[in-house]
Amino acid sequence: MDIDGSVDVLKILNPATTRLWRDRVGNLCLEVRLADGEPVQYEKVRPMRAFPLSAPEEFITFFGEKNDYLGMLESLDGVDERTEELLRAELEVRYLLPQIVRIDRLRLNGGVISWRVETDRGPRTFDVRDRDEIRFMPGHRIVIKDVDGNRFEIPDYWELDDWSYSQLEQLL
Amino acid sequence: MIRSDSPVAEADSANGIPEPLMESPPGPVGKLLREFLQPGEEPEIVVASDLLPDGRYGETWLLATKQRVVVVDSGNGTPKLHHFALADLEQVEKLDFVGSSALRLVGAGETCHVRFSLSQAEKFADVREMVDALRSPYQRDEKEGDGPTAQVLTREELRKRHEARAREKGRCPKCGRTLPRWNNVCPVCLQKTQLLLRLVPYVLPYWFFVALNICLMACTTAMELAPPYLTKTLLDEVFPQRDLRMLAVVLIALFVVNVLNSVLSAVRQYLNVWLQQRIVVGLRMQLYEYLHRLSLSFYDRQGAGHIMQRIMHDTANLQNFMATGLQEILGAVMTICIICVVMFRMDWKLALITLGPVPFIVWGNRWFSRKVHRIYRRAWRQSARLNSILTDILPGMRVVKAFGQEEREVDRFVGSNRDLLHTHLRAARLGRTFYPFLGFLSTVGTLSIWAYGGYLVIVKQTLTPGVLVAFLQYLMRFYQPMYRLSMMNDRIQHVATSAERVFELMDTRPDVEDAPDAEPIPTIEGNVRFENVSFGYDTSKKVLENVSFEVSAGEMIGLVGHSGAGKSTLINLICRFYDVGDGRILIDGRDIRKIKLKSLRDQIGVVLQEPYLFRGTILDNIAYGRPKATRREVVAAAMAANAHEFICQLPDGYDTMIGERGAGLSGGERQRISIARAILRNPRILILDEATASVDTETEAKIREAIERLVKGRTTFAIAHRLSTLRNASRLLVMEKGRVAEIGTHEELLEKEDGVFRKLWDMQADLQKQRAEIMAV
């Protein structure tokens, strides 16, 4: 299948002509140029990651105010500096994924897993309802979802210190 | 002034329940916030979020009064302040992200985001609602007459919401801890003694047998402890005195004790089983009866699996404990006491030396078995993973083969299999080293008692050989009850959990119950009227809002709308599976809450999209709603439902057994049986929930024919996605987002140029045209 030929169908955006800015109240606005070179502007745009865990910087998809699909950036390469900065900041806010750098305590209590950890954003305690909410990913990476839907990440559990690892071992 | 020192807040903090949306900020922040307030201005909301603007964890404080909103983030040393006069506040919006959310406040020339993690999503939903309500007086002139002004929620309402949410989210309503998914019982708040006491009434009717059993146990315990004593007599008195007559007496005594012991034990064990069954059958019956009284909302909250678990597993657990657990504790305590008394009386020094290490060995054993247990659990999980690979792959074998992925699947299996092997080996290594070590320890213990005792016997001559031997025998009998007692705490925790779940079920009050003044309704005419009905399955989201309409007897009403628009909910309310939140529903002018539930449901017939057939014959299933119907009536109903034909072609006809959920019949056939079931009941109000959705066109024609017969002379509510099936409805009711969008006849609705129904109709017509074109090609 000719995937390159489907650029128009997928509305893959040209990074050079894609521009973002914020309006007065802080909503994101997007300007893209269509195939015929005509610029189109959208208000209240929401950028979303297509692969939030495995490729967070690729395939960033834009949705409009009514949840309509506006287009997709394959990567951040080639977008202007201001746009890249804005986009990174927006995605950073939209996808909160603190990284766990140390596990102070991990306790299993009747199926509930209680964590007390140090993250790159400060200390945190949270509960995980059961093991299914803990995803083991390639490269010794772990992504955890707590009871409220907050996410946490251990980028590489082999890199954890001994104490943290001994705590984590209860789950392995 | 911050209200943290007001009497209200104090009273609540004394109970350990924080006042909702009224938190106490730390000194400096509190001072900052306070500076904004005019004299006499009272804070309505003081809350902290758990995120700073830059995404680090930390508190951002928000204070709202009837005049203003102030936000302070205490992040990097110097706090940042935002101040909004409510009169200038343009927008309060909750933005939802992944893993966090934010409240956006837009005022004159200023925008501020209060970020918070999802743990506080509900709290800030309340904050948003409250701030909106607080600023509504300032907006009047802009939006004149736009519905009633939003009401500021009272503390009481907030607290109720808070509690309901805790329950919905699986948190302990008392302490806020997360509850385990498998049992929903808070291990901390569990009141063990109180729960176990509640079990007493179930045992009381059998008090005589329980007492008898305990007596028997006391006897057997005593008898088990007799042999060592007799051995001592043998060694210390009979042998040295070369007394043959005494030897015979002691041997006969030993024999009798053993025989009696065996007989009594057998009797006791039988009595145990007998007791267990008696007690648990009563409990299980009561539980099952209770289940049928509970409302549907209970079943929405609890999965069927959990409820089954309660009936079978939990009652069995209780049974076990009530019948044997108590006796075991008594028995163990008794044995330990008797042995201690006997040993200390024979020789207290030796007793101390002998029994001294026992607690340590017991404790070590317990520690170790927990550790091994953990590894075995890991092995169990890994084999569960293997299992899930199998159950995942085997049914999908066609796909695996079609995509040529056999090798990869084998590799996947091999990997998991190897993990399992390693874990098993590790458990085995641990087991193989610890148990011999434990054995070694007790051998050393025994040997040292022999050594010390032997020294006392030979050199000091303060001890007789008989006492020494008796000691060692008692020691052997000492471990078992000690182990048992050491495990007892776990066991009690276990049983208390079961008891909690069983009693929780019995303590649940059905939401939908007959009012004390409810009266039966003899024959429903079929006039149905909704008056400003609002309803939500949980507190946070309304599914129906202000729904009003009137239906006269005999009308057929088609319910139309996107999925999630509230059609099924509307029907659930007519059946009174749930009670309305606000407003009322009238049938023949009577509030349905004032009609006896049974008489209401007796006159409502339901045909569902996925007809649920029970295990049994076709005859049983058709007659389910009227078990006393004659064969003739059943056949007539089946004929009216266009089902007679296919039923008679089955080898066993009406006596055909259908499996669970009606396995063995096609969807259309099952549907026609369920229509026959409804026809036989002769309901006054008929509900068709997507009755023709899952069948092919030909079958649909037959079912539609059957339905037309069924509908005659009854008030009917029909839900259908395929709008064409509703063509003979007298009127259509179009639902959108929980409200009635349009109501009218088919033609009337089609005439509305940009009506909701018109749009839906055009869309389906387009789809049909496309389909027809494809078919033509």
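What you are looking at is a predicted structure, and each value in this text was computed from that prediction instead of being measured.

Enquirer: Looking at this structure, I do not really get the sheet that holds strand β2 (residues 28-33) of chain A. What am I missing?
Expert: Adjacent strands of a sheet form backbone hydrogen bonds with each other and so pair up, either parallel or antiparallel. Residues and elements named next belong to chain A. Spatially, three strands are ordered β1-β2-β3 in an open sheet, and the strand pairing comes out antiparallel. Two strands close off the open sheet at either side, each with one partner strand: β1 (19-22) and β3 (39-42). This sheet shows a mean twist of 20° between the axes of neighbouring strands, independent of strand direction. Of the strand pairs in this sheet, β1 and β2 are connected by four bridges, and their pairing is antiparallel. In the strand pairing of β2, Trp21 is matched with Cys29. Sheet strands touched by helix α2 (residues 81-94): β1 and β2. Its angle to β1, the strand with the most contacts, is close to 60°.

Enquirer: What's the story with the nonpolar core in this structure? I'm lost.
Expert: One recurring pattern in soluble globular proteins is that nonpolar side chains are buried together. One finds Val560, Ile622, Val634, Ile647, Tyr654 and Ile675 of chain B to be the most contacted residues of the largest nonpolar core, which totals 44 residues. Within the second largest apolar cluster, 32 residues are counted, among which are Val528, Val533, Phe535 and Ile595 of chain B.

Enquirer: What's the story with the interface of chain B and chain A in this structure? I'm lost.
Expert: How big an interface is tends to be reported as the loss of accessible area on association of its parts. Every contact between the two is made by 34 residues of chain B and, on the other side, 35 residues of chain A. Summed over both sides, the interface of chain B with chain A buries roughly 2,900 Å², with 44% coming from carbon and sulfur. Inspection of the region where chain B meets chain A yields two salt bridges. The salt bridge involving Asp50 of chain B is made with Arg124 of chain A; its shortest N-O contact spans 3.0 Å. Inspection of the region where chain B meets chain A yields 12 residue pairs in polar contact (both at pLDDT 80 or more). Within the residue set of the side of chain B that touches chain A, elements represented by two or more residues are β1 (45-51), β6 (100-107), β7 (110-117) and α11 (358-393) of chain B. Considering every element that reaches the side of chain B that touches chain A, the biggest residue donor is β6 of chain B, with four residues.

Enquirer: Help me out: how do you make sense of α2 of chain A in this one?
Expert: An α-helix turns once every 3.6 residues. As a result, residues three or four positions apart point the same way. All names here are of chain A. Compared with the 20 Å implied by 1.5 Å per residue over 14 residues, the 20 Å span of α2 between its first and last C-alpha is a close match. When we look at burial in α2, the residues that qualify are Thr83, Leu86, Leu87, Glu90, Leu91 and Arg94. The buried residues of α2 occupy one face: seen down the axis, they fall within an arc of 125°. Counted as exposed and oriented over 90 degrees from the buried face of α2: Glu81 and Glu85.

Enquirer: How should I be thinking about the sheet that holds strand β18 (residues 731-736) of chain B in this particular structure?
Expert: Residues and elements named next belong to chain B. With mixed pairing, the six strands of this open sheet are ordered in space as β13-β16-β17-β10-β18-β19. Of all the strands in the sheet, just β13 (604-607) and β19 (739-744) have a single pairing partner and so form its edges. In this sheet, neighbouring strand axes are inclined to one another by 20° on average, regardless of whether the strands run parallel or antiparallel. As judged from the four bridges shared by β13 and strand β16 (residues 685-689), these two strands associate in the parallel manner. By the bridge assignment for β16, Gly605 is matched with Leu686.

Enquirer: When you look at the packing of helix α18 (residues 631-640) of chain B against helix α20 (residues 667-681) of chain B in this model, what are you seeing that I'm missing?
Expert: Any two packed helices are characterised by the angle at which their axes cross and by the distance between the axes. Residues and elements named next belong to chain B. Running from N to C, α18 and α20 point in directions that differ by 125°, and their axes come no closer than 8 Å. Considering the angle they form, α18 stands oblique to α20. Crossing angle aside, the handedness with which α18 passes α20 is right-handed. Contacts from Glu633, Val634, Ala637, Ala638 and Ala640 in α18 reach Ala676, Ile679 and Leu680 in α20. Of the residues belonging to the contact of α18 with α20, the class tally is seven nonpolar, no polar and one charged.

Enquirer: Even after reading the chapter, I still don't get the packing of aromatic side chains, so can you show me in this structure?
Expert: A ring pair, where both rings are aromatic, is described by two values, the distance of the centres and the angle of the planes. Under the definition given, this model contains 14 aromatic pairs over all chains. Geometrically, the ring pair formed by Phe51 of chain A and Phe59 of chain A is edge-to-face, given 5.7 Å between the ring centres and 70° between the ring planes. Looking at Phe51 of chain A, the relative accessible area reads 39%, which means it is partly exposed. Summarising the aromatic geometry, the rings of Phe208 of chain B and Phe209 of chain B are spaced 5.5 Å apart at their centres and angled 80° between planes, so their arrangement reads as edge-to-face. Residue Phe208 of chain B is classed as partly exposed on the basis of its relative accessible area of 46%. Taken together through their ring pairs, the aromatic side chains of Tyr206, Trp207, Phe208, Phe209 and Trp274 of chain B make up a single cluster. In this arrangement the basic side chain of Lys232 of chain B is found over the ring face of Tyr229 of chain B, its NZ or CZ atom lying 5.0 Å from the centre.

Enquirer: Looking at this model, I keep getting lost on the confidence of the model for chain A. Mind explaining?
Expert: Detailed conclusions should not be drawn from predicted coordinates in areas where pLDDT is low. For chain A, the mean per-residue pLDDT works out to 86, and 93% of the residues sit at or above 70. By mean pLDDT, the top-scoring element of chain A is strand β12 (residues 151-154) of chain A (93), and the lowest-scoring one is helix α1 (residues 7-10) of chain A (64).

Enquirer: What should I look at first to understand unusual backbone geometry in this one?
Expert: With the exception of glycine, the majority of residues adopt a negative phi angle, and the majority of peptide bonds are in the trans configuration. All names here are of chain A. Despite not being glycine, Phe59 has its phi angle at roughly 50°, a positive value. By the element assignment, Phe59 lies in the loop between β4 (46-49) and β5 (60-63). Phi is positive for His140, which is not a glycine, with a value near 55°.

Enquirer: Just checking my understanding: could you explain the state of the cysteines for this structure?
Expert: Covalently bonding the sulfur atom of one cysteine to the sulfur atom of another cysteine gives a disulfide. Per the counting criterion, the structure on display carries zero disulfides over all chains. You can see Cys340 of chain B has no disulfide; the closest cysteine sulfur is in Cys337 of chain B, sitting 6.7 Å from it.

Enquirer: Help me out: how do you make sense of the side chain of Gln603 of chain B in this one?
Expert: Residues and elements named next belong to chain B. With respect to the element layout, Gln603 can be found in the loop between α16 (597-602) and β13. Within the local environment of Gln603, its side chain forms a polar contact with the backbone oxygen of Ser599, the two atoms lying 3.3 Å apart. Once residues within four sequence positions are removed from consideration, Gln603 is found in contact with Ile521, Pro522, Thr523, Ile524, Pro683, Arg684 and Ile685.

Enquirer: So what exactly am I meant to see when it comes to a nonpolar patch on the surface here?
Expert: Together, Ile252, Phe255, Val256, Val259, Leu260, Val263 and Val267 of chain B line one region of the surface with nonpolar side chains, adding up to about 620 Å² of accessible area. Here Leu260 of chain B lies in helix α7 (residues 244-293).

Enquirer: Any chance you could explain the packing of helix α10 (residues 348-355) of chain B against helix α14 (residues 465-507) of chain B here in plain terms?
Expert: Residue and element names in this part refer to chain B. Viewed as axis vectors pointing N to C, α10 and α14 meet at an angle of 35°, and their least axial separation amounts to 11 Å. You can see that α10 and α14 cross each other, and the crossing is right-handed. Contacts between α10 and α14 involve Leu350, Ala351, Thr354 and Leu355 from the former and Leu468, Phe471, Leu475 and Phe478 from the latter.

Enquirer: I'm lost on helix α21 (residues 697-711) of chain B in this one. Help?
Expert: Residues and elements named next belong to chain B. Its 15 residues place the ends of α21 20 Å apart at the C-alpha level, agreeing with the 21 Å of an ideal helix rising 1.5 Å per residue. Along α21, the residues that are buried comprise Thr699, Glu700, Ile703, Ala706, Ile707, Leu710 and Val711. Axial view of α21: buried residues confined to an arc of 135°, hence all on one face. Exposed residues lying more than 90 degrees from the buried face of α21 are Thr697 and Glu698. Directly beyond the C-terminal end of α21, a positive phi value near 75° is found at Gly713.

Enquirer: For this particular structure, what's the right way to read the environment of Phe298 of chain B?
Expert: Residue and element names in this part refer to chain B. Relative to the helices and strands, Phe298 resides in helix α8 (residues 296-301). Separated by 207 residues in the primary sequence, Phe298 and Leu505 place their C-alpha atoms 9.4 Å from one another. Beyond its immediate stretch of four places on either side in the chain, Phe298 contacts Leu291, Ile307, Leu505 and Thr508.

Criteria and thresholds
Residues numbered from 1 in each chain as written. Chains lettered and ligands numbered in written order. Predicted model: local features only at pLDDT ≥ 70, side-chain atom pairs only at ≥ 80, totals over all residues. Heavy atoms only, no water. Pairing = 2+ DSSP bridges. Helix = DSSP H or I, 4+ residues; strand = E, 2+ residues; numbered from the N terminus. Axes fitted to C-alpha atoms, helices over the stretch in contact; angles between N-to-C directions. Contact = heavy atoms within 4.5 Å. Core = buried A, V, L, I, M, F, W, Y, C linked by side-chain atoms within 4.5 Å. Buried < 20%, exposed > 50% of the residue type's maximum accessible area, 1.4 Å probe, protein only. Buried area = accessible area lost by both parts, 1.4 Å probe. Salt bridge = Lys/Arg side-chain N within 4 Å of Asp/Glu carboxyl O. Polar contact = N/O pair within 3.5 Å; in protein donor to acceptor, adjacent residues only side chain to side chain. Expected span 1.5 Å × (residues − 1). Arc of directions from axis to C-beta. Parallel < 35°, antiparallel > 145°, perpendicular 65-115°, else oblique. Left-handed = near helix turned anticlockwise from the far one by under 90°. Nonpolar A, V, L, I, M, F, W, Y, C, P; charged D, E, K, R; others polar. Phe/Tyr/Trp six-rings, centres within 6.5 Å; stacked < 30°, edge-to-face > 60°. Lys NZ or Arg CZ within 6 Å of the ring centre and 35° of its normal. pLDDT = per-residue confidence, 0-100. Disulfide = S-S within 2.5 Å. Patch = residues over 30% accessible without salt bridge, like charges linked within 9 Å, V, L, I, M, F, W, Y side chains within 5 Å. Areas by Shrake-Rupley, 256 points an atom, 1.4 Å probe, with all protein chains shown as cover.

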